[in-house]
Structures are given as structure tokens and as C-alpha cells.
Amino acid sequence: MVAQLLRLKLQLTLNAFRRSPWRLVGLVLAIAVGVWIVVLASTGLVALRGGDPEVTRNLLVLAGSAVVLGFIILPLVFGVDDQLDPRAFSLFGLPNRTLSAGLLVTALVSVPSLVLAVLAASSVVTWSRSPLPAVLAVVSAVLGVLLCALLARIATSISASLLSTRRAKEVMGVLGLVLIIAVAPAIIALTTVDWQRDGFAVLGRVADILSWTPLGAVWSFPGDAALGGIAPAIVKLLLTAATIALLWFAWQAFVARLLVAPERLGTGRDSTGLGWFDLLPGSPSGAIAARSMTYWLRDPRYLVSLVIIPIAPFIFFVPMLVAGIPMNVLALVPLPVVCWFLGWLLHNDLAFDSTAVWLHVASGVRGRSDRIGRLFPVLLIGIPLIAVGSTLSILFYGDWDALPSMIGVSTCLLFSGAGIASFVSARFPYPTSLPGDSPFQQPQVPGSSGMSAQFLSLLGTVLLTIPAGWLAVLGLTGEPNWNFGALAVGAGTGILVLAIGIFAGGRVFDRRSPEIVGFASSH
Amino acid sequence: MAPPQEEVVAPAAAPKRPVGRPAATPPSAAPSSPAATTEQRTEAADDGAHPVVLSISGLVKQFGDTVAVDGVDLEVRRGSFYGIVGPNGAGKTTTLSMVTGLLRPDAGSITVQGVDVWQDPAEAKRAIGVLPDRLRLFDRLTGSQLLYYSGVLRGLDPATVKSRTADLARAFGLDDALGRLVSDYSAGMTKKIALAAALIHSPRLLILDEPFESVDPVSAANVIEILQRYVANGGTVVLSSHGMDFIQRVCDHVAIIVQGKVLAAGSVDEVRGTGTLEERFVELAGGRKSAEGMEWLHSFSD
């Protein structure tokens, strides 16, 4: 079976040569580039045999992680034409396991996989300085190629089935957003590094982190062993094996699903697809959360306001740079600023609905459910952001004692900002651009009530964060124990203000719902 | 002009509906207690088998110096197909907005199933399905998302909503459109999806503001049939429209509102008397202006 699939794959590849001369030229060029990369990179790998083991390991982990990431992202972004789509085999009644395995083997026979296989084999030479790393390097090469082939195979099928519809845009929107959010602080942090002085050290730290993720683990364990770290090497080997096992089961399940799922048509017709509504609970607040999320991703007005998130930190960076504040202290700035603005984004959320808010009023939705539901997108972005961002910030700051302070202050800004916004958006909505209009087309605000709502919510959030911020300063400049005080006070204030904001905003919504509809109708 | 008698259809629904005329008594005498409801029922006693579902008394709404609704009294009994007609700006939409809890009245009371809409809005709203006019929908949702959203906000569980969505889509001819964004719908389709959303929680009372504006005749006929079956099974429809012919054909009761006041209300036959509803309406609305002073229109410019 597997042999037949392989032959099919080869036949398909060869047939590509027959199609048109231009295609042939393209393929030859691709192969030439591939060969050139292989020669260049494998020469480098062989040469690294004599290099400093730590630098070698770090380079391999960084490059290897990038390669694994490429195997995931390229099929998703460029939507590779899936010649061996599992759905093409649905009428043959093949056992799922056989088909999954066969398709995986064919994925190994492709230009990128072959290039990778040669390079991985070259890395065995790199680590052939002593027996154990050499053996591990063989394992690493095999697992690495397998991992990439699996990932590419799954990504291709995702791209060919799930992403062929209009929903693709939504999914890619989420991915893009996540990437921007993840990359922005990282780039800011990278700009703060003095590359000439400690470039290698920073790369080493990044490689260390990557080596504990599925992206880098597979490339790191021969190097770890060469450096004498037998225990980490074994753990990373197990991590890799577990990742591959997991992906293998996921691939099998995916093939099984594709075999019974009909091909989606371009219209995006999907009887079961309610998007976020299917993911969140079927309660009023769950539905409002799903609706908010859908709007945040589909409505350009929300997307534009999200742009402020990566930009905001730079506004604070420039004056601080001019003031001569050290780089590592600047690393503490982005996350709190982003959290501050993220919570604040909700402060006019109700006005974005325009008159559509009648549905909430006529349905008798409780104000509390409305408030909670609207918080969801901000918390969905904000909480992981604090988790990842605080770690990154402190990594570049360099003193792990400051981590609790970072989490405390950021949480306080995000949560109390969202709490204030929950009240303000119900009580003091101000006109904004209408649904479907250009997001940049802001209406004139009579009496500048909008300005004061914007300004006061920003100011209020800062005032509420003063206690936690003060404790954080004490912690950073003196007694490190204050850092835990900052965490407790910050998280406590944030959660309390959020609860009060939901409660008070909910009451306002309940009592003033006709006035809210009236406000929306008059603008 | 007058349609033949057999066209005054209310199939399955009994042709003689209880008379829902405006309470002749002063509005203050119609508080919202069940006792009062019984009283009113006996007052209109010719066939008082059906309880009052919607009772409006002494309703007033003022915008600045303009009185939009000026002491409206109405009583709608269960199983009625009640039409509200009136010229532009007569206060129809304002009245219906106050009934559905979207606009706070300056004075007067509204009870739905004996529950005061402005004392206990949460309870009252449960019984009402709403199709407002000129208000937006959450149109960045797909049709099925919008129906799901409307149902779940009403407290239905997801499984029920999904099965009802399928039924509604079939009945309204929206099957092919459910996966598309509502903002891409035509005006008529938007009306239909909004109407479907108003029905999804099977309310006792449907308040429909201009439900058939820009809906094609075939869809309108389908929807009317759905509404007539709903009424025959004990539901109540209150709708506003400009289409006299339509109201005369479809509704069993009608109220004529002009300048915020109810000028006539009762069964369609009572209100129209010997003429057509349109003739009666024009007579009451007093809107016929003589065409004098428009002579320039007849002296063609070329």
C-alpha cells in the first residue's frame, strides 16, 4: 500500500515535468536552489565539527527551530496544492492507519523533506566528536525529519480543507493577530540588546528557551549531551518523541475526519459552523462573548483600535530613551503600557454596536451578562499576553525577582482598565464611526464628552494602579520581598475593580437600556 | 378597489374575533392588575373568551415640543392579528418601541400578559418577539449566527436554537443564505432574517414594525401563512404597515393612529364600515390636500 502511494507520488512529481516548459524551468530552478542550499549548509555543518560546542548547539537549535516553523507556516500561508489530499482516497475504503502512514511516507519524498534529510544527516557529522552525541545525533536527524514531514503534512491538509473557505480569513486573522502580539514585544526587546557586547549570550538564552519547546528540542539533545547535560538531553528526547506521537495521532484523526467530510465549496456554506458561538457556552454571556470575538476579528473598526496595542509602547519609549534610562529598565515598559490600552479599548464598546444593541434590550439580557460577554476578547488576548509578556520582559530586564511585580502591575492595569471601561461604556457612550463606515471616520463629538470619557478612563486606571506600582518600585529598588506585595495588591485591585465595574456597569445597563437605545438611534 | 369579500382571509382563525377596541374609559381606570384585566374583559363582553394579551393605556411620549404619542389606549386580545395604520410620523413606531421596552414612555402604562412592561421588563420581554423598523442588526454575523445569537440571548439552549434555525430557514426560504453575512443580504432578506429572529423563542406576542417592507410577494405570502397559523394556535400579532389593502386582507383587527391619537380601533369590518379600509383611513387622517396652487406643474417647462 505504502509502496503504491509512493509510486503515485513519484509519478505525480514526474508528470509535473510534462505540463509546460515554464513549469519545468521553475522546477529545475527550485532543485538548483535546493542543491545549492544543501551544499552550502552541509559544508557548514561539517565544518562546525571543530567549533565551540555551545555556540554550535545554539546555532543548530535556532536554525532548526526556524526550519520547523517554516514547515508549519509555509503550507498555511502559500496554500500548497495538495496532490495527495486524503479526501481523494475516500472512495477506496482503505484502513485509516494504512492511508495515514502511506501519505506520511509520501510527504517524506518531497524536495523540502529531502533537503532537510541531507542537512540532518550532515548534523550527525557535526556531533561525531564523541560516541554518545553521535548516536543521539542520528536519532535527532531521524526524528527531526519525521517531525517536519508530519507538520508539513498536517499543515497542508489544514490549508487545503479548512482554509479554502472564507473562514480562512478569520483564522488567518487570529494567527496574524497572535503573531503581531507575540512579535511586537520581542522586536522591542531585541532592539534593546547591545549586540556587539552580548549578542552571543542573548542568542544562547533564546536557544535555551527554544530547546525546551517542540520547535527546538529535537535539534538540541545531541548538543546538550556533548556539553555534558545528559539529563536535559533525555528529557528533550522524550519531549520530541511525545510531540511526534501526538502529531501522529492527530494526523490519523484528521485523515479519518477528512475521509467523511465532504469537500467544502467556495461559498463558505457550512451548516454546523457557528464559529466562536460553537466554542463558547450557550448562555447569554457566552453568546455575547462569541459575538464580540467575531466582531473584533471581522469589523475593521475593532482591528484598527487593536493597532494601538503594538504602537503604544513606542510613544513611551522615545522620551525615556532621550532621558537616558537604561535599556534593561526600558524592557519593563511595553507590557504594562499594552495592558493599560488593552483594557481601555472597551470603554466605548457599546457605541460600536450602534442601534443593533436593541436586540440585547428587547431580549431582556441582564446587564451583567452583557458586560461579562464583552470583556471576553480583551481577557482572551490580555491574560496570555501577561503570561508570556511578563516572562519576556523580565528575561530582558535580567532580574527574576521583578517577575511578581511585572505580573501584578500589568494585571492591575488590564483588569481595572477593563472594569472602568465596563462601567463607562454603559454610562457614558459617545458617538463613534458607524458599522460599515470607515474606521477612520470619527464623528464630531459635541461638548467633548467623548474626550473626557476617553481621558478619564485612562487616568482612572493609572490612579488605581498607583499602589501596586509603588510597591513594585520599592521591590525593584530595594527589598525584593515588596515584589510579592505588588503582585498581591495589583492582582487584588484589578480583580476587585473588574468585579465592581461589571456589577455597576450591569446595573446601569439594566436601568438605562432604553436610554442606550435612544443614544444609539440619535447618532 | 375593494377586494371581494372572500379575500378577507383568516383561515383556521375564526372570522369573528373578539373586539379589541380602545378602552373608552379614562386610562387611569386601567391599571395592570389581573382584576382590572378581568373587568375590561367583561366590559368588552360580546365574546370575551380570549384574555387581553396587550393593554396600552394613556400612553404619552414627547420629543422636545413635539408630542409623538398623545394618550394612546389599545387592547389586544389573544389570537388577534392586529394592524396599526397611520400616516408617516403618526407615532406608530414610537408606540411599538414603548411596548417592546426600547423607549421609555413619559406617561401611561403597558401590560403584556398582565405584566407591566416598565415595572417588570425582564418578565414582560420574555413574552414578546420584536421586529423593529430602521434599527440595525448585528450584520457582521452570518444568518445562522444571528439566529443562534437571538435564541441564546432569549435563554434557549443551543440544541433547541439549532433545530429551530433549520425550521425557520426552510420556512422563510433562507436555506442558502444562512452561511453568508447578514450585511450581504438584500433588504428583503434582511427583513426575513430579522423576522425569523423575532420568532425563534416562540413568544406569546409578536410586535412587528413594517414587517413586509421590501419583502417580495412570494416570501410575504409564506410569512403571512406562518403568522396566520401562529395566530390560530393562540399567538398574537401586532404589526404596523402602510399597506391598507394588506391590512384589510390579513388582519382581523385594526387601529388607525393619526398624530399620536387612536382615531378608530376595532375589528376590520367595524372600522372600515361600508367602504374600504383605505377610504376610511384617508377620511380619518384628513390628509387629502386639494391640489390647488400646483398649476405650475401643468404648465410644462418646454
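Data block above holds the structure.
Just so it is clear, the structure is predicted and the values come from calculations on it, not from any experiment.

Participant: Honestly, the overall build of chain B in this entry has me stumped. Any pointers?
Facilitator: The helix and strand tally for chain B stands at 10 helices and 10 strands. The 302 residues of chain B split such that 48% are buried. Sequence-distant contacts in chain B: of pairs separated by 6 or more residues, those separated by 24 or more amount to 71%.

Participant: Even after reading the chapter, I still don't get the sheet that holds strand β1 (residues 52-63) of chain B, so can you show me in this structure?
Facilitator: Sheets are built from strands that pair by backbone hydrogen bonding, the pairs being arranged parallel or antiparallel. Residues and elements named next belong to chain B. Spatially, β2-β1-β4-β5 is the arrangement adopted by the four strands of the open sheet, whose pairing is antiparallel. The open sheet terminates on both sides in strands that have one partner only, identified here as β2 (66-77) and β5 (115-116). Helix α2 (residues 92-99) contacts β1, β2 and β4 (107-112) of the sheet and is inclined by roughly 120° relative to β1.

Participant: How do you make sense of the interface of chain A and chain B when you look at a structure like this?
Facilitator: Interface size is commonly expressed as the accessible area that is lost once the parts come together. In this assembly, 31 residues from chain A lie in contact with 30 residues from chain B. Going through the elements one at a time, α12 (284-298), α17 (358-362) and α21 (482-521) of chain A are the ones with two or more residues in the side of chain A that touches chain B. The class makeup of the residues in the side of chain A that touches chain B is 14 nonpolar, 12 polar and five charged.

Participant: How should I be thinking about the environment of Thr165 of chain B in this particular structure?
Facilitator: Residues and elements named next belong to chain B. Assignment of secondary structure puts Thr165 in helix α5 (residues 158-172). A residue is classified by how many C-beta atoms lie within 10 Å of it, and Thr165, with 25 of them, is buried. Expressed as a C-alpha distance, the spacing of Thr165 and Leu147, which sit 18 residues apart in the sequence, is 6.4 Å. Excluding anything up to four places from it in sequence, Thr165 contacts Ser144, Leu147 and Tyr148.

Participant: Mind showing me how you'd approach the sheet that holds strand β6 (residues 128-131) of chain B here?
Facilitator: Residues and elements named next belong to chain B. Pairing within the open sheet is mixed, and its six strands lie in the order β6-β7-β8-β3-β9-β10. Because the sheet does not close on itself, it has two edges, and the strands there are β6 and β10 (261-267). Put simply, the sheet's adjacent strands are angled 15° from each other on average, direction ignored. Strand direction decides the pairing type here: strand β3 (residues 81-85) and strand β9 (residues 253-258), joined by four bridges, are parallel. Across the sheet, Tyr82 pairs through a bridge with His253, a residue of β9.

Participant: Help me out: how do you make sense of unusual backbone geometry in this one?
Facilitator: Most peptide bonds take the trans form, and the phi angle of most residues other than glycine is negative. All names here are of chain B. Despite not being glycine, Arg134 has its phi angle at roughly 65°, a positive value. By the element assignment, Arg134 lies in the loop between β6 and α4 (143-153). Residue class for Arg134 comes out exposed when judged on the 10 C-beta atoms lying within 10 Å of it.

Reading guide: rules and limits
Residues numbered from 1 in each chain as written. Chains lettered and ligands numbered in written order. Predicted model: local features only at pLDDT ≥ 70, side-chain atom pairs only at ≥ 80, totals over all residues. Helix = DSSP H or I, 4+ residues; strand = E, 2+ residues; numbered from the N terminus. Buried ≥ 20, exposed ≤ 12 C-beta atoms within 10 Å, placed from the backbone. Contact = placed C-beta atoms within 7 Å. Pairing = 2+ DSSP bridges. Axes fitted to C-alpha atoms, helices over the stretch in contact; angles between N-to-C directions. Nonpolar A, V, L, I, M, F, W, Y, C, P; charged D, E, K, R; others polar.

None of this, on its own, says anything about what the molecule does.
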